[in-house]
Amino acid sequence: MLREGQATAIYRADYQAPAWWIETVDLTFDLDPAKTRVLNKMRIRRNPDVPAQALRLDGDELNLARVLVNGGGTSFKMDGSQLVLENLPEGDDPIELEIFTTCAPEKNTKLMGLYVSEGTFFTQCEAEGFRRITYFLDRPDVMAMYTVTLRANKEAFPVLLSNGNLVEAGDLEDGRHFAKWVDPHKKPSYLFALVAGKLVAREQLIKSRAGRDHLLQVFVRPGDLEKTEHAMNSLMHSVAWDEARFGLSLDLDRFMIVATSDFNMGAMENKGLNIFNTKYVLASQSTATDVDFANVESVVGHEYFHNWTGNRITCRDWFQLSLKEGLTVFRDQEFSMDMAGTPSARAVKRIEDVRVLRTVQFPEDAGPMAHPVRPDSYIEINNFYTVTIYEKGAEVVRMQHNLVGREGFAKGMKLYFERHDGNAVTCDDFVQAMADANPDSPLAQHLEQFKRWYSQSGTPAVKAVGQYDAAAQTYTLTLSQSCPATAGQSEKLPFVIPVQMGLLGQDGTALPLQLQGEADSSLSKTLVLTENQQTWVFHGVTQAPVPSLLRGFSAPVVLHYDFSDAELLTQLAHDSDAFNRWEAGQRLALRYALQAIRTEGEVAADILPAAFVSALRDVLRHPELDAAYKELVLQLPSEAYIAEQLDVVDPQRIHAVRESMRQQLALALQADWEWAYETHQDTGAYRPDPVSAGRRSLTGLALLMLCLAARSTGDTVWPGKAYQRFKVAGNMTDRFNALSALVHSGAALAQPALERFHAMFKNEPLVIDKWFSLQAAACDRGGQVLPAVKQLMQHPDFSLKNPNRARSLIFSYCAANPGAFHRPDAAGYVFWSERVLELDAINPQVAARLARAMDRWSKLAEPYRTAAREALGRVAAKPDLSNDVREVITRAIGD
Ligand code: TRP
Ligand code: ZN
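Definitions and cut-offs
- Residues numbered from 1 in each chain as written.
- Chains lettered and ligands numbered in written order.
- Predicted model: local features only at pLDDT ≥ 70, side-chain atom pairs only at ≥ 80, totals over all residues.
- Heavy atoms only, no water.
- UniProt positions renumbered as here; feature names shortened; annotations may be inferred.
- Near = heavy atom within 4 Å.
- Polar contact = N/O pair within 3.5 Å; in protein donor to acceptor, adjacent residues only side chain to side chain.
- Areas by Shrake-Rupley, 256 points an atom, 1.4 Å probe, with all protein chains shown as cover.
- Helix = DSSP H or I, 4+ residues; strand = E, 2+ residues; numbered from the N terminus.
- Nonpolar A, V, L, I, M, F, W, Y, C, P; charged D, E, K, R; others polar.
- Contact = heavy atoms within 4.5 Å.
- Axes fitted to C-alpha atoms, helices over the stretch in contact; angles between N-to-C directions.
- Parallel < 35°, antiparallel > 145°, perpendicular 65-115°, else oblique.
- Left-handed = near helix turned anticlockwise from the far one by under 90°.
- Domains from an automatic or database assignment.
- Pairing = 2+ DSSP bridges.
- Phe/Tyr/Trp six-rings, centres within 6.5 Å; stacked < 30°, edge-to-face > 60°.
- Buried < 20%, exposed > 50% of the residue type's maximum accessible area, 1.4 Å probe, protein only.
- Lys NZ or Arg CZ within 6 Å of the ring centre and 35° of its normal.
- Donors = N, O, S within 2.8 Å, 3.2 Å for Na, K, Ca; no water.

An unreviewed UniProt entry lists the protein under the name Aminopeptidase N, with Comamonas kerstersii given as the organism. Under the heading Cofactor (unreviewed entry), UniProt records this for the protein: "Zn(2+)". In UniProt, the protein has this text filed under Catalytic activity (unreviewed entry): "Release of an N-terminal amino acid, Xaa-|-Yaa- from a peptide, amide or arylamide. Xaa is preferably Ala, but may be most amino acids including Pro (slow action). When a terminal hydrophobic residue is followed by a prolyl residue, the two may be released as an intact Xaa-Pro dipeptide."

Draft legend 1. Representation of the site of ligand 1. Residues in close proximity to ligand 1 total 16 residues, the closest being E126, A267, E269, E303 and Y390. A distance of 2.5 Å separates a nitrogen atom of ligand 1 from a polar side-chain atom of E126. Separating an oxygen atom of ligand 1 from a side-chain N or O atom of E303 is a distance of 2.8 Å. Contact with the protein chains removes 97% of the 360 Å² of surface that ligand 1 exposes when unbound. Elements represented by at least two residues in the shell around ligand 1 include exactly β21 (267-268), α2 (290-305) and α3 (321-340). In terms of residue class, the shell around ligand 1 is built from six nonpolar, five polar and five charged.

Draft legend 2. A look at the side chain of T309. As for its placement among the helices and strands, T309 is situated in the loop between α2 and β23 (314-315). A distance of 3.1 Å separates polar atoms of two side chains, one belonging to T309 and the other to R331. Beyond its immediate chain neighbours, meaning those up to four positions away, T309 contacts K324, L327, T328, R331, M413 and F417.

Draft legend 3. Structural context of the packing of helix α4 (residues 343-366) against helix α5 (residues 387-420). Following both chains from N to C, one finds α4 and α5 inclined at 125 degrees, their axes separated by 9 Å at the closest point. Relative to α5, the element α4 lies oblique. In the crossing of α4 with α5, the sense of the turn from one axis to the other is left-handed. Residues R350, V356, L357, V360, Q361, E364 and D365 of α4 touch α5, and the partners they reach there are V387, T388, E391, K392, E395 and R398. Counted by class, the contact of α4 with α5 contains four nonpolar, two polar and seven charged residues.

Draft legend 4. Broad picture of the domain arrangement of the protein. In terms of domain boundaries, the protein breaks down into domain 1 (1-197), domain 2 (314-454), domain 3 (461-562) and domain 4 (763-894). Spacing between the C-alpha centres of domain 3 and domain 4 amounts to 42 Å.

Draft legend 5. Here's a closer look at the pairing of strand β26 (residues 461-469). Where β26 lies against strand β27 (residues 474-482), nine bridges are found, and the strand directions are antiparallel. What sits directly across from V462, in β27, is Q481. Linkage of β26 to β27, two consecutive antiparallel strands, is achieved through a turn of four residues, within which Q473 is found at a positive phi near 55 degrees.

Draft legend 6. View of the packing of aromatic side chains. By the definition in use, this model includes 40 aromatic pairs. Seen from their ring centres, F736 and F757 are 6.0 Å apart, and the 50 degrees between their planes marks the pair as tilted. Of the two residues, F736 is situated in helix α19 (residues 732-744) and F757 in helix α20 (residues 750-760); the sequence distance between them amounts to 21 residues. With respect to burial, F736 and F757 carry one shared label: buried. Taken together, W241, F246, F255, Y304, F305, F330, F335 and F409 form an aromatic cluster joined through their ring pairs. The ring of F100 is capped by R66, whose NZ or CZ atom sits 5.1 Å from the centre of that ring. The positively charged end of K721 is found above the aromatic ring belonging to W718, 4.2 Å away from the centroid.

Draft legend 7. Structural view of the coordination of the zinc ion (ligand 2). The protein atoms donating to the zinc ion (ligand 2) are H302 (NE2), H306 (NE2), E325 (OE) and E325 (OE), with metal-donor distances spanning 1.9 to 2.7 Å. Mapped onto the sequence, the residues coordinating the zinc ion (ligand 2) show the spacing H-x3-H-x18-E. Overall, H302 belongs to the buried group, its relative accessible area being 7%. Under the relative-accessibility criterion, H306 is labelled buried at 0%.

Structure (structure tokens):
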């Protein structure tokens, strides 16, 4: 027997069209933090394509006061949390349904539905939050026209916003006022939004290419206005970019962004009224780093691009989530690359995106939460807003882009909108449009097989073997593919894998590629691997080549090739593909790390061979490479990425080995770090552009390395310089880099710097988040981080209720600091289990994300493994867990 509210899985195969349509919705809100009254008048109609059924409306934590049908009373019943109307009039005529409910926004700590943040009302309806506002068919394939009237006390809530156009506003009795909004586009309920509170706006009038006038607004709390310039610029760039690249114009007179500091995720694309986490809106040079500036641009773009890919064409059901998210991430990645401009800056963005994919998505795809880009089942949909849906989904769109070409992709998008604008569709509909618009492409030729990227989970492995025949001057390349079994999926069929490649001569020059049976030659080619194994023969190859495979990371796979160190050093010095040049350095560093991890005994101080160190020096000193790119090459693979390569993970060993490698680089390149630091100072006015941001990121790394070196040499000059830089820096990037260098190197000056930093920014919540997170992510030398984190939980600025704050302290420790979290005494795991339970009572969605910090427990070496399993067991033993946390923990434990 299922208890009410207990978890039941939902299956994609069970999809059924709704038995009823909701044509119009007229909502009237009397906003009151303690008790908000919601009058919902709907015009509904039977769906003639579906056998007649009762109307079952979703609800969650609502107080129902009244239900009227065509103006009169009616019988109804409750089935769990659903409101069921069995005796609605027969026939095809529309029915007027009126439902009156109340809810308690100020008690809403889940931040789903209608809630209050710092005295302002906000909503979050995706995926299933609208049912916490009123009874509704809360599913994305029910699209309706909305009219919304907001009524509230005028002094406390002077600004009243909802989707679409403001058609009427005025004063009411008792110091109250109202505003009436009409959205000219039909939409699913998850895109509904309202905001009411004391806000001010930066405004901008723009004219589109098409000649239409639009008002853009960015709403924030009164003190924050001067931090909105970058967000507004990003919004204007987004509007222009979508018109220029895809011919997609803004379809609204008014487009609004509103920022709140209480938000479960990054931002939300509600029609015409995007709601953002302040983290992705507010930016000034004194409070935000270059990375923050870049994130604002990319998230503003992401939400704006959803207006077409998500809102105009939406998802039929939540299994299709990647239809909008994968596509929109692909679009925001392309936007950021186009904004970055230079080929080098584009490569930097690509490398950063791939790094996220490999360090977060690959582990997800190999762990207990593995799921296809289009999942087959879920218990709690909130748990499926994952890196697989977003980032792997974007890679699947990127592969289509690569298989049909840039022009072909634009044609595919055009056909997609011609066919599906205004509808709720599936991932299949998208690929079909892409293929139909490009009938001669490899995508169309292998369409059914390509769709396996949507249905099969797991990261495929591609093995490459090359053979050079000097006499025949041929090079034979054999590629084979396999995919490991994943949670719930053991059998895998071959994928369609585009492998972009080139060949380098021993001196690093590009060799022409002449495939057997092909007339023209080129320097780079895309091989399309569709079988388990395929072979390509290149002709006229005058010397044994170094293969440069999977250029630009042309498919989300793990590439195995038995490179020699010399071959990788050649690529690192010369590959014309910036991605593979970086990748060669990562492969070498990873190779040495794994060797040192597997070698018994004490960790050596000289893990990196001289040739590699010298190759890195050449990159650092290179006269032409950009600073941002150098910084990426000089970064060692993360502990998480190293751990993924191992079957049995000893997090302390990995940490010790990586620290030793870092220390070696700090010392061996000391003079070069000094040179880099002195010569890359940015003296002009602050601008967050890729070139000057790159200089700051390289000087930041150099300063850290110099402070680390100082640890060994006993030098106090560099920590002193870092402290000085920290004090006088003219922007947050330089200031925070200097502070981080002190903290991560364990310098004595770290403590006074942290105190000073807090005092300087005590009124800047987003900076205080950085202050917490830096301490939680600090390099652990002797177990000091956990006690510090516990101490920080007692700090007056700490609150578990605010997701940004919880993430900054708790997640930074549990999910971003493996060396400090995986303690031999298990105290990190105990701390984790306590926080998961504590958070679950406040905000299950956030708790479930924290729960995932233990996803990879079964790979841990002893004593970690047993201790981690016990911690999972303690969480699982709690009787009234949310579905969110229960699903994650159950999958982690397995059976
Ligand atoms: N659709 C949002 C995006 O742009 C994701 C999102 C924001 C979300 N807030 C949420 C998803 C709350 C679930 C719950 O990616
Ligand atoms: Zn999105």
